[in-house]
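Overview (structure and organization)
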Amino acid sequence: MAYEVVKTRKPLILIILPIVSVLVFLLAWEISVAPRGVEDWRIPSTLLTKPSDVLRLAIDKMSNPNPDGATLMVHLWVSMQEAFLGYLLALLVGLPLGLLMGWFSTIRGLARPIFELIRPIPPIAWIPLTIFWFGIGLGGKVFIIWISGIVPCVINAYTGVRMSNPVLIQMSRTYGASDWQIFTTICVPSALPMVFGALQIALAYCWVTLVGAELLASNQGLGYLITMGRNLGRTDIVILGMISVGVAGAMIGMIIDRVESKLLAGIRR
Amino acid sequence: MNTNTTDISNEVILPVVKGKQPLTYRGVIGNEYVLNGISLILFFSLWHWAAASHIFGHSSALATPFEVIERLGGLFSSTLAGLTIWGHIWASMKRVLIGFVLAVLAGVPLGLLMALNPLINAVIKPIFDIFKTMPPLAWISVAILWFGVQDAPKIFIIFIGSFVPALMNAYKSVVLIEPELYDVVRIMGGNRWDEIRLVSIPGSMPAISAGLQIAMSSAWTCVLAAELVSSRSGLGYVIIQGMKISDPALVIGGMMVIAAVAYTFSWSMEWLDHKLCPWRRDIEGL
């Protein structure tokens, strides 16, 4: 064998330091925040909450719907529903559109100018118009999330098709393949890695936009939890909401990573 | 991609000589520019029809393109909340620029340091990973609690929104550099500092500049969200004001201005990208 697999050991300090760093961070946070009603050199509890209090509140919120009207799990479930509905719709519309735009010049010519008109508008800017159209229910939020997810889908699918090897296309032309055959047998498979990249990017976009959509107009969901916390002056609820959004987002990201590495074990470039 | 050359293999690029095409029905319909025109005309007439016939049931849901243009034209001379549209553009732009520049000044050097020094990386990376997962918009409530309602909370959110991609890309960029380049420097007798100066920093430029583009679009999303939640000026304020007074022409006009400004910014970021890494000019789609 020309290569030998060499196992290198990480130095001990590089294993310990990350753990120490997180612990010191949590400890510093815990120490520097004053308990409720106490005023001294520490940060007052109206601005920040101890991590231990946040943890206690999180356990309490699992079963207690007060003061914002729903338990943590209900908020999470509502948010997930909105995010995934918007995400799936974005995939269903965006990926085929991007793939077709990449190969068929008629569709490209028709769809491109409208897409280019809509693309530079940040999805958040659609919120007022969406409220006119759909009200503050599920539909409006799904629409905003759909808009934010569809842009990376179209761009990635389009780029993926455009990057397919011209030699393959010309060879199949030589052998008499039709446009549609070339599209399905060469362009779509060569676009797959980019398409899977889009799955991840779009999900991240959807999750970010979800919080924005819920901050403004909502009656349930994690973003609503954060807004309610601020309106009630309960910093602990705000921090809990932020952490829940972060944890849920990280978990979704991890699942997508897992699925992607399974599915793309062979074709990842 | 250059239109008058065709890639016939991986190595050879031959120019294609196109003679004058006869004017046929298929040729006109197949022309992309003609299709672009058709599509735009269709889009705007559909929009006009939808607005004129109150497709959403009430008149305050959609304005015709003409009403939007008229309303937008009016904003250049008259004022909204004491500012003309230029004033609102400048208010948003100022926040974006301050937050973005601060985030880049902090994020890029920190990312490079983390990539070059494993000790700093071991300390900062886990904490950064915790903060990275929280979307910047989730910080809006905390920012308002901490900094009140002036410019400071908006700049803080923009800072967070653009800090993460700026740092992430600077950090990842160093990993992507070909190790052979380091070997060359070492063979020529360079020390660690030479490696950093001659390979790491220029080699990481493309990824850093890609990170800056992401950071810029994230910054625009953040400033809009912050202004929608609480503000007295800025483009986000314009559209939320349009919503409050049920004026769809104002909302759509505001969205158009936002799109134009965001487009200008992303265009200038691309220009900056060409300046920072001129060797990358022809790579498409990355």
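All of the points below concern the structure found in this document. These numbers were taken from a predicted model, which means no experiment stands behind them. (Residues numbered from 1 in each chain as written. Chains lettered and ligands numbered in written order. Predicted model: local features only at pLDDT ≥ 70, side-chain atom pairs only at ≥ 80, totals over all residues. Heavy atoms only, no water.)

The next thing to look at is the overall build of chain A. For chain A, the count of helices and strands is ten helices and zero strands. Radius of gyration (C-alpha) of chain A: 24 Å, far over the 18 Å computed for a compact globule of 269 residues. Within chain A, the proportion of its 269 residues that are buried is 48%. Pairs at least 24 apart in sequence give 67% of the contacts found in chain A among residues at least 6 apart. For chain A, the accessible area works out to roughly 13700 Å², and carbon and sulfur atoms hold 69% of it. (Helix = DSSP H or I, 4+ residues; strand = E, 2+ residues; numbered from the N terminus. Rg over C-alpha atoms; globule rule 2.2 N^0.38 Å. Buried < 20%, exposed > 50% of the residue type's maximum accessible area, 1.4 Å probe, protein only. Contact = heavy atoms within 4.5 Å. Areas by Shrake-Rupley, 256 points an atom, 1.4 Å probe, with all protein chains shown as cover.)

For the rest of this paragraph, the subject is the interface of chain A and chain B. Taken together, the contact between chain A and chain B spans 52 residues of the former and 60 residues of the latter. When chain A packs against chain B, the two sides together hide about 4900 Å² of surface, and 79% of this comes from carbon and sulfur. Interface area lost by chain A to chain B is led by F132(A), R230(A) and M242(A), which between them contribute 14%. Remark: the boundary between chain A and chain B carries zero salt bridges. If you look at where chain A meets chain B, you find four residue pairs in polar contact (both at pLDDT 80 or more). Taken together, the elements giving at least two residues each to the side of chain A that touches chain B come down to α1 (12-32), α4 (105-118), α5 (127-134), α6 (138-162), α7 (166-174), α8 (179-216), α9 (222-231) and α10 (235-263) of chain A. With eight residues, the single largest contributor to the side of chain A that touches chain B is α4(A). (Buried area = accessible area lost by both parts, 1.4 Å probe. Salt bridge = Lys/Arg side-chain N within 4 Å of Asp/Glu carboxyl O. Polar contact = N/O pair within 3.5 Å; in protein donor to acceptor, adjacent residues only side chain to side chain.)

Another aspect to go through is the packing of helix α3 (residues 72-103) of chain A against α10(A). Describing two packed helices takes the angle between their axes plus the distance from one axis to the other. Residues and elements named next belong to chain A. Where α3 contacts α10, the two axes come as close as 12 Å, and the packing angle between them is 45°. When the interaxial angle is binned, α3 and α10 end up oblique. Viewed along their axes, α3 and α10 form a crossing whose handedness is right-handed. Contacts from L72, L76, M80, F84 and Y87 of α3 reach α10 at L240, S244, A248, I252 and I256. Along the lines of polarity and charge, the residues of the contact of α3 with α10 split into nine nonpolar, one polar and no charged. (Axes fitted to C-alpha atoms, helices over the stretch in contact; angles between N-to-C directions. Parallel < 35°, antiparallel > 145°, perpendicular 65-115°, else oblique. Left-handed = near helix turned anticlockwise from the far one by under 90°. Nonpolar A, V, L, I, M, F, W, Y, C, P; charged D, E, K, R; others polar.)

Over its 15 residues, helix α5 (residues 118-132) of chain B runs 19 Å from end to end, which matches the ideal 21 Å to within 8%, given 1.5 Å per residue. Of all the bends in α5(B), the greatest, near 35°, is centred on I124(B), and the proline P126(B) appears no more than four residues after it. Burial in α5(B) covers these residues: N121(B), A122(B), P126(B) and F128(B). For α5(B), the elements touching its buried residues are α1 of chain A together with α4 (85-116) and α7 (151-175) of chain B. (Expected span 1.5 Å × (residues − 1). Bend = angle between axes of the 7 residues up to and from the residue.)

This next bit is on a nonpolar patch on the surface. Together, L12(A), I15(A), I16(A), V20(A) and V24(A) line one region of the surface with nonpolar side chains, adding up to about 440 Å² of accessible area. As for its placement among the helices and strands, V24(A) is situated in helix α1. (Patch = residues over 30% accessible without salt bridge, like charges linked within 9 Å, V, L, I, M, F, W, Y side chains within 5 Å.)

So, about the side chain of D247(B). Summarising the element assignment, D247(B) is placed in the loop between α10 (235-244) and α11 (248-276). Setting aside anything within four residues of it in sequence, one finds D247(B) in contact with F132(A), R71(B) and G242(B).

On to the pattern of salt bridges. Scanning all chains against the criterion turns up 17 salt bridges over all chains. For R112(A), the salt bridge goes to E116(A), with nearest N and O atoms at 3.5 Å. Taken together, the positions of R112(A) and E116(A), both in helix α4 and four residues apart, correspond to about one turn of that helix. R112(A) gets classed as partly exposed once you look at its relative accessible area, which sits at 31%. Classification of E116(A) as partly exposed rests on a relative accessible area of 28%. A cluster of three or more residues bridged by salt bridges with shared partners is formed by K94(B), R95(B), D151(B) and E227(B).

Here we take up the packing of aromatic side chains. Aromatic ring pairs are defined here through the distance separating the ring centres and the angle between the ring planes. Counting across every chain of the model gives 22 aromatic pairs over all chains. Between F104(A) and F183(A), the ring centres sit 5.4 Å apart and the planes meet at 55°, which makes this aromatic pair tilted. Highlighted residues: F104(A) in the loop between α3 and α4 and F183(A) in helix α8, separated in sequence by 79 residues. A single burial state applies to F104(A) and to F183(A), both of which are buried. The interplanar angle of 55° and the centroid separation of 6.2 Å between the aromatic rings of F43(B) and W47(B) together place this pair among those described as tilted. Of this pair, F43(B) and W47(B) both sit in helix α2 (residues 32-52), four residues apart, which is roughly one turn of that helix. (Phe/Tyr/Trp six-rings, centres within 6.5 Å; stacked < 30°, edge-to-face > 60°.)

Residue and element names in this part refer to chain B. Among the secondary structure elements, S204 is positioned in helix α9 (residues 192-229). Overall, the relative accessible area of 0% leaves S204 in the buried class. Among the polar contacts made by the side chain of S204, one reaches the main-chain carbonyl oxygen of I201 at a distance of 3.0 Å.

A word on helix α2 (residues 51-61) of chain A. Residues and elements named next belong to chain A. Of the residues making up α2, those classed as buried are P51, V54, L57, A58 and K61. Down the axis of α2, the buried side of the element spans an arc of 115°, and every buried residue falls inside it. For α2, the exposed residues set more than 90 degrees away from the buried face come down to L55, R56 and I59. In the core, the buried residues of α2 are packed alongside α1, α3, α9 and α10. (Arc of directions from axis to C-beta.)

It is worth spelling out the layout of surface pockets at this point. The volume enclosed by the second largest pocket comes to roughly 1000 Å³. Residue assignment for the lining of the second largest pocket shows that the elements contributing at least two residues are α3, α4, α5 and α6 of chain A together with α2 and α11 of chain B. (1 Å grid on protein atoms, 1.4 Å probe; cavity = no way out; pocket = protein on both sides within 12 Å on 5 of 7 lines; lining within 4 Å. Points joined across faces, edges and corners; volume = space filled by probe spheres on them.)

All right, on to the environment of S233(B) then. All names here are of chain B. Within the secondary structure, S233 sits in the loop between α9 and α10. Exposure remark for S233: the relative accessible area of 14% places this residue in the buried category. Along the chain, S233 and L110 lie 123 residues apart, while their C-alpha atoms are 33 Å from each other. The contact partners of S233, leaving out residues within four places of it in the chain, are L83, H88, A91, R95 and E227. For S233, the side chain forms a polar contact with the side chain of R95, separated by 3.0 Å.

All names here are of chain A. Remark: α3 packs on α4, axes separated minimally by 6 Å, with the N-to-C direction vectors making an angle of 120°. Overall, the two elements α3 and α4 adopt an arrangement that is oblique. You can see that α3 and α4 cross each other, and the crossing is left-handed. Along its contact with α3, which presents L97, L100, M101, G102 and W103, the element α4 presents S105, I107, R108, A111 and R112. For the contact of α3 with α4, a count of residues per class yields six nonpolar, two polar and two charged.

So yeah, pure geometry; function would need other evidence.
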